[in-house]
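# Tertiary structure, described
Listed below are the residues making up each chain.
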Amino acid sequence: MEVKSGEFRKVAAATMTDPRLQEALDGVYTGFYKGRIVQALTTDRWEEQREQGRAIKAHVIENLDYYLGMFTENVEKNGGHVYFAANAAEAARYVVDLAKSRGVKTVIKSKSMVSEEMGLNNVLEAAGVEPVETDLGEYIIQLAREAPYHIIAPAIHKSKEQVADLLAPQSGGQKVEEIAALTRQAREQLRPVFQRADMGVTGVNFAVAESGSVVIVTNEGNGRMATSAPRIHMACMGMEKVIPSVRDLALFLRILIRSATGQRISNYVSMINGPRRPDEHDGPDEFHLVIVDNGRLRLLADPALREALYCIRCGACMNACPVYRKVGGHSYGWVYPGPIGAVVTPAMTGLKQAKDLPFASSLCGACREACPVKIDLPRMLLELRSQAVEGTAGNIKHQPEARNPEGPAERLVWRAWRFGMGGRMRFDLGARLARVALLPVARRGWLKKAPGPASGWTTSRDFPLPAARSFRSRFKRVKRAAARERTMGGGHGA
Amino acid sequence: MTDRGAFLRAVRVVLDRRDEAPSVAPETGLSVGRDELLAEAERVRAEAARRAGPLLDALAESAAKNAWKVVRARTNEDAAEAVAAACRSAGAKSVVRSDHNVFTRSPVDRALAATGVQVTVLGRGGTASDAGRGRLKAEAFAVDAGITGADYAIAETGTIALHPRAGLSRLVSLAPPVHIAVVERGSVLPSLDELFVLERESLLRGELPSYMNLISGPSRTGDIEATIVQGIHGPLETHLVLVG
Amino acid sequence: MLFVTCLVDQMAPQVGESVVRVLERLGVEVSFPRSQTCCGQPAFNSGYRADARPVAKRFLDVFEGDDLIVTPSGSCAAMVRNFYPELFHDDPKLLARARRTGERVWEFSEFIVDVLGRSDLGGRLEGSATYHKCCHLLRELGVDRQPEALLKGVKGLELRSLSRAEVCCGFGGTFSVKMADISTAMMNEKLDSVQATGARMLIAGDAGCIMHMQGGLRRRGQDTEVVHIAQLLDRATVRPTP
């Protein structure tokens, strides 16, 4: 998918002035966010499971080559074919080549974020193969020719009227209004497609190393359709999706699903161990798997960013993020929005385009609190900020094009700040001078318009004048008074 | 296409690892050895048998929460009647049923025939051939209801587990607008943890099936204005007949 | 030792005064190392670690010793406790000093409840108030039950529950200026919640968040008074001088 993260500010501004979008985004708080909290409070040993999930993920990522190797061997033992793609273009090419070589005319797709990285639908269309998204949200945005707004609920930004307009042409212009009827309409439109599709392309929620299993989690049944009806199943996964053992699935399914939607379990969980057996009545004749890098190696290579690969793509971080709930999914400009998007987009696609993303956060920490595997997203945002500004951080420089985004002016400001904080007298003097300079434009101690870089503040807030007398100049007096209070019999209570 | 060796080598280099197996972290199920796991599986089966009654009750409750239409049947005959009644209430006139071994105990065909419902049984008429598979697919999308057993059920989540194999398909529980599943007492496990112990046991015994479906109710979506709607691509309604 | 913070020192000295008064009333001998300036957080949060480091090192020098350090800011306490190790990870000597100092740093409400063991200060203040949970205090330090206990201990104070109290107010340091429109949108949601409580006072634990919410309330024409928890406790425990 094309990277449009450079338009972050513009798209964010437009989103924040759209009342309908704001209403849809607010629904994320009352729905998914609250749902996760209820599950967290009512699930036995929730915190322990988060810790355990994180520990397992950390172990896999630290030994990723080993587990990928084990997984691949087992997929092949099960009769599947595995391909490694260094980048999205290579992955897309593999899928298309296979489709063409097998005479595939129609591909049904179940949700796959990696396939969005690949821009797979465009590539298939260009090659004369018909791709049809079957997850209702993905189907809607495919018809709208838009990027997903949220990784779990891609069409969360669309009103039912907009959905009605998008679905009508597929039913010969027949427009329905209510949500249940629209859902039924989508079912009717896609049912024949399920039947005629030659290939199903899915994502992978979990790849189990010891069994070569691919696990898919859905509610609608389209994931099951894509892996049961067509003659070929093609799964696409980021290389980080591996977990070691079948046994671990219980824990990961629990923490993924409860964190994502607040359900106890998703309606369907499918565990695929290769193509169908010879004596089976349905199922694909062939199973193919593409394992994709596409910049993940860069995350792996940076110890400060490596834990971004623990992500199990639940969406809890964006549900919890007060910034996401204002700016929406399209602002982030690529496949992954919200806090995880703000980390992986610059790391995987480059800091140049995505330079605003790590700064679009108040570092409130709600994302880390929500993450089922306790990824320390705020720390990684801070790390990326330092890389954006200083070019290197710690020992690893992985972004040769990283450069101070605001230019020399900002650097000077922080040099001056550092000087000012370097001694108590200059610190105090600086504040005294600022007060004197601002006094003429202040009214009763407040400014309606702050100068220079601080002017953004006063677009919506009054800015206070520095105090007439700093605390340090008052300390002695306060201390004396407090001592007097004590000798006179102490304070009111205390 | 990138060479697999090169891909994995690049990962190894970045991790500064040698090409050898790491010591396994205790947190993962991989750290449990074969003997220990087989013993655990025995315990799981023993518990499922010992607590069969309460687990079935717990399943009834959790399944109802997931919008399964739950019916309790005391005997195999009652179960057959319940299946027929479910078909009747759903207006189902044509059904496909899997050849799960529960139907050797529960005379479902007889009960359905008595109410004039046309039954196709999976596995009869050579469906394990390309032509047969094509016929089954067309039929699964055309019939009014699909009837299956369940290999296991999970009380924690209101779920049934099905493993497609000879006599049991993927589409019968998916394509028809109505799915009726019969769960026998003694097949209910407390939670996902026990289920995956048994799945791992199958793996270690070299008996892992090609597919497993966990089904927890009728298909649903919340993709339009975050409003949950029951019934989209999978069955619109699901019935659970609990026997025993 | 009182670490009053750069913001309180120059912009909200009355908060510092309240801290001194409350602690002295509790029998604590408060000292104020006059050389103190800033913990370095603004530069660190903006990615300028090279500029943050010398300022942070200076903090370690100024606050060297054995005395406990108390600060009326969750974000500054978190900077020292949680982020100094990150800032100094390359320098073993400074890292060790940073860790030792971090162990001595306490946020104000945390100090009173967990170190002094007090939550009922015998205070009294009539009026309605609502409490906003500042993010670094809540999530970096894990401090929530302490301010709650302290506020519950004030007789006559009608504490009204703030809807979405745990959601960020939108300050976020330089975020408030760098991403001013997003900061404003978050602020408005917060202040709408505050307004909905009808409370006369809004209480919070960090001067930066307070400045941001107070500035917004003024601009919106809302007359809710915003106070730091130290000021609230000061008012509640003051004895009128004869």
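Residues numbered from 1 in each chain as written. Chains lettered and ligands numbered in written order. Predicted model: local features only at pLDDT ≥ 70, side-chain atom pairs only at ≥ 80, totals over all residues.

## Focus: the overall build of chain C
- Assigned secondary structure in chain C consists of 13 helices and six strands.
- Scaling as 2.2 N^0.38, a compact globule of 242 residues should have a C-alpha radius of gyration of about 18 Å, and chain C matches this with 18 Å.
- Dimensions along the principal axes, computed over C-alpha positions, put chain C at roughly 50 × 45 × 30 Å.
- The 242 residues of chain C split such that 60% are buried.
- For chain C, restricting intrachain contacts to residue pairs at least 6 apart in sequence, the fraction spanning at least 24 positions comes to 77%. (Helix = DSSP H or I, 4+ residues; strand = E, 2+ residues; numbered from the N terminus. Rg over C-alpha atoms; globule rule 2.2 N^0.38 Å. Buried ≥ 20, exposed ≤ 12 C-beta atoms within 10 Å, placed from the backbone. Contact = placed C-beta atoms within 7 Å.)

## Things to note about the overall build of chain A
- Each helix and strand in chain A was counted, giving 21 helices and 12 strands.
- Dimensions of chain A along its principal axes, counting C-alpha atoms only, are 95 × 55 × 50 Å.
- Residues classed as buried in chain A amount to 59% of the 494 residues present.
- Counted over contacts in chain A with a minimum sequence separation of 6, partners at least 24 positions apart contribute 72%.

## What to know about the environment of Glu 126 of chain C
- With respect to the helices and strands, Glu 126 of chain C occurs in strand 3 (residues 124–131).
- Each C-alpha atom of the pair Glu 126 of chain C and Val 238 of chain C lies 13 Å from the other, and the pair is 112 residues apart in sequence.

## Thoughts on the domain arrangement of chain C
Residues and elements named next belong to chain C.
- When the domains of chain C are assigned, the result is domain 1 (6–114) and domain 2 (120–237).
- The distance between the C-alpha centroids of domain 1 and domain 2 comes to 22 Å.
- Domain 1 puts 29 residues into the contact, and the matching count from domain 2 is 24 residues.
- Listing elements by their share of the side of domain 1 that touches domain 2, those giving two or more residues are helix 1 (6–10), helix 2 (13–25), helix 3 (41–45), helix 5 (74–87) and helix 7 (108–115).
- Broken down by element, the side of domain 1 that touches domain 2 gets its largest block of residues, seven residues, from helix 2. (Domains from an automatic or database assignment.)

## A closer look at the interface of chain C and chain A
- Across the boundary between the two partners, chain C contributes 63 residues, which contact 60 residues of chain A.
- Elements represented by at least two residues in the side of chain C that touches chain A include exactly helix 1, helix 2, helix 3, helix 4 (49–62), helix 8 (135–140), helix 10 (175–178), helix 11 (180–197) and helix 12 (207–220) of chain C.
- Of the residues in the side of chain C that touches chain A, the class split is 30 nonpolar, 17 polar and 16 charged. (Nonpolar A, V, L, I, M, F, W, Y, C, P; charged D, E, K, R; others polar.)

## Observations concerning the sheet that holds strand 5 (residues 152–154) of chain B
- A sheet is described by the order of its strands in space; here eight strands give the open sequence 8(A)-5(A)-6(A)-9(A)-9(B)-6(B)-5(B)-8(B), paired in mixed fashion. At either end of the open sheet lies a strand with only one pairing partner, and these are strand 8 (242–243) of chain A together with strand 8 (188–189) of chain B.
- For strand 9 (residues 268–272) of chain A and strand 9 (residues 211–215) of chain B, the ladder comprises five bridges, and the chain directions are antiparallel. Paired with Ile 272 of chain A across the two strands is Tyr 211 of chain B, which belongs to strand 9 of chain B. (Pairing = 2+ DSSP bridges.)

## Here's the deal with the interface of chain A and chain B
- Facing 78 residues of chain A, the contacting portion of chain B comprises 66 residues.
- Classifying every residue of the side of chain A that touches chain B by side-chain character gives 37 nonpolar, 24 polar and 17 charged.

## Here we look at the packing of helix 9 (residues 160–167) of chain A against helix 10 (residues 179–196) of chain A
Residue and element names in this part refer to chain A.
- Remark: helix 9 packs on helix 10, axes separated minimally by 10 Å, with the N-to-C direction vectors making an angle of 25°. What the angle tells us is that helix 9 and helix 10 run roughly parallel. Taken as a pair, helix 9 and helix 10 cross one another with a handedness that is left-handed. Of helix 10, the residues touching helix 9 (which contributes Lys 160, Val 163, Ala 164 and Leu 167) are Ile 179, Leu 182, Gln 185, Ala 186 and Gln 189.
- Of the residues in the contact of helix 9 with helix 10, the class split is six nonpolar, two polar and one charged. (Axes fitted to C-alpha atoms, helices over the stretch in contact; angles between N-to-C directions. Parallel < 35°, antiparallel > 145°, perpendicular 65-115°, else oblique. Left-handed = near helix turned anticlockwise from the far one by under 90°.)

## Some points on the environment of Phe 32 of chain A
Residues and elements named next belong to chain A.
- For Phe 32, the position within the fold is in helix 2 (residues 19–42).
- By C-beta crowding, Phe 32 is classed as buried, having 27 other C-beta atoms within 10 Å.
- As a C-alpha pair, Phe 32 and Glu 210 span 178 residues in sequence and 33 Å in three-dimensional space.
- The residues touching Phe 32, leaving out its near neighbours within four places in the chain, are Thr 261, Gly 262 and Asn 319.

## Describing the packing of helix 21 (residues 471–487) of chain A against helix 2 of chain C
- One way to put it is that helix 21 of chain A packs onto helix 2 of chain C with a least axis distance of 9 Å and a crossing angle of 25°. With respect to helix 2 of chain C, the axis of helix 21 of chain A lies roughly parallel. In this structure, the crossing between helix 21 of chain A and helix 2 of chain C has a hand that is right-handed. Across the interface between the two elements, Phe 471, Arg 474, Val 478, Lys 479, Ala 482 and Arg 486 of chain A of helix 21 of chain A pack against Pro 13, Gly 16, Glu 17, Val 20, Arg 21 and Glu 24 of chain C of helix 2 of chain C.
- Residue composition of the contact of helix 21 of chain A with helix 2 of chain C, grouped by class: five nonpolar, one polar and six charged.

## Focus on the arrangement of the chains
- By contact count, the leading pair among the two pairs of chains in contact is chains A and B.
- No part of chain B reaches chain C; the closest C-alpha pair between them is 20 Å apart.

## Considering helix 5 of chain C
Residue and element names in this part refer to chain C.
- Here helix 5 is 14 residues long and its end C-alpha atoms lie 18 Å apart, about the 20 Å a rise of 1.5 Å per residue gives.
- The largest bend in helix 5 amounts to roughly 40° and is located at Arg 81, with the proline Pro 85 lying one to four residues further along.
- All of the buried residues along helix 5 are Gly 74, Ser 75, Cys 76, Ala 77, Ala 78, Met 79, Val 80, Arg 81, Phe 83, Tyr 84 and Leu 87. (Expected span 1.5 Å × (residues − 1). Bend = angle between axes of the 7 residues up to and from the residue.)

## Observations concerning the confidence of the model for chain A
- On average, residues of chain A score 94 in pLDDT, and 96% of them reach the 70 mark or higher.
- Taken as a whole, residues 393–402 of chain A scores under 50 in pLDDT and shows 23 contacts with residues more than four places along the chain or in a different chain. (pLDDT = per-residue confidence, 0-100.)

## Thoughts on the sheet that holds strand 12 (residues 237–243) of chain B
Residues and elements named next belong to chain B.
- Taken in spatial order, the six strands make up an open sheet running 1-12-7-4-2-3, and their pairing is parallel. Of all the strands in the sheet, the pair left with one neighbour each is strand 1 (69–73) and strand 3 (118–121). With strand direction ignored, the average angle separating the axes of adjacent strands in the sheet is 20°.
- Note that strand 2 (residues 94–97) and strand 3 share four bridges and pair parallel.

## Some thoughts on the domain arrangement of chain A
- Splitting chain A by domain gives domain 1 (5–297) and domain 2 (408–487).
- Taking the mean C-alpha position of each, domain 1 of chain A and domain 2 of chain A sit 52 Å from one another.

## Notes on the nonpolar core
- Judged by nonpolar contacts, the single largest core of 317 residues is most densely connected at Ala 308 and Val 343 of chain A together with Val 83 and Val 241 of chain B.
- The dominant element in this core, judged by the number of residues it contributes, is helix 12 (residues 248–260) of chain A, at nine residues.
- Contacts of Val 83 of chain B, omitting those with residues within four sequence positions, involve Val 108, Ala 111, Ile 147, Ile 180, Val 182 and Val 241 of chain B. (Core = buried A, V, L, I, M, F, W, Y, C linked by C-beta atoms within 7 Å.)

## Re the confidence of the model for chain C
- Taken residue by residue, chain C gives an average pLDDT of 96. The fraction at 70 or more is 99%.
- Interface confidence for the predicted complex, given as ipTM, is 0.96, next to a pTM of 0.96.

## Considering helix 7 of chain C
All names here are of chain C.
- The set of residues buried in helix 7 consists of Phe 108, Ser 109, Glu 110, Phe 111 and Ile 112.
- On its buried face, helix 7 is in contact with helix 2, strand 1 (69–71), strand 2 (105–107), helix 9 (145–152) and helix 13 (229–237).
- Positive phi appears at Gly 117, one or two residues downstream of helix 7, with a value of about 70°.

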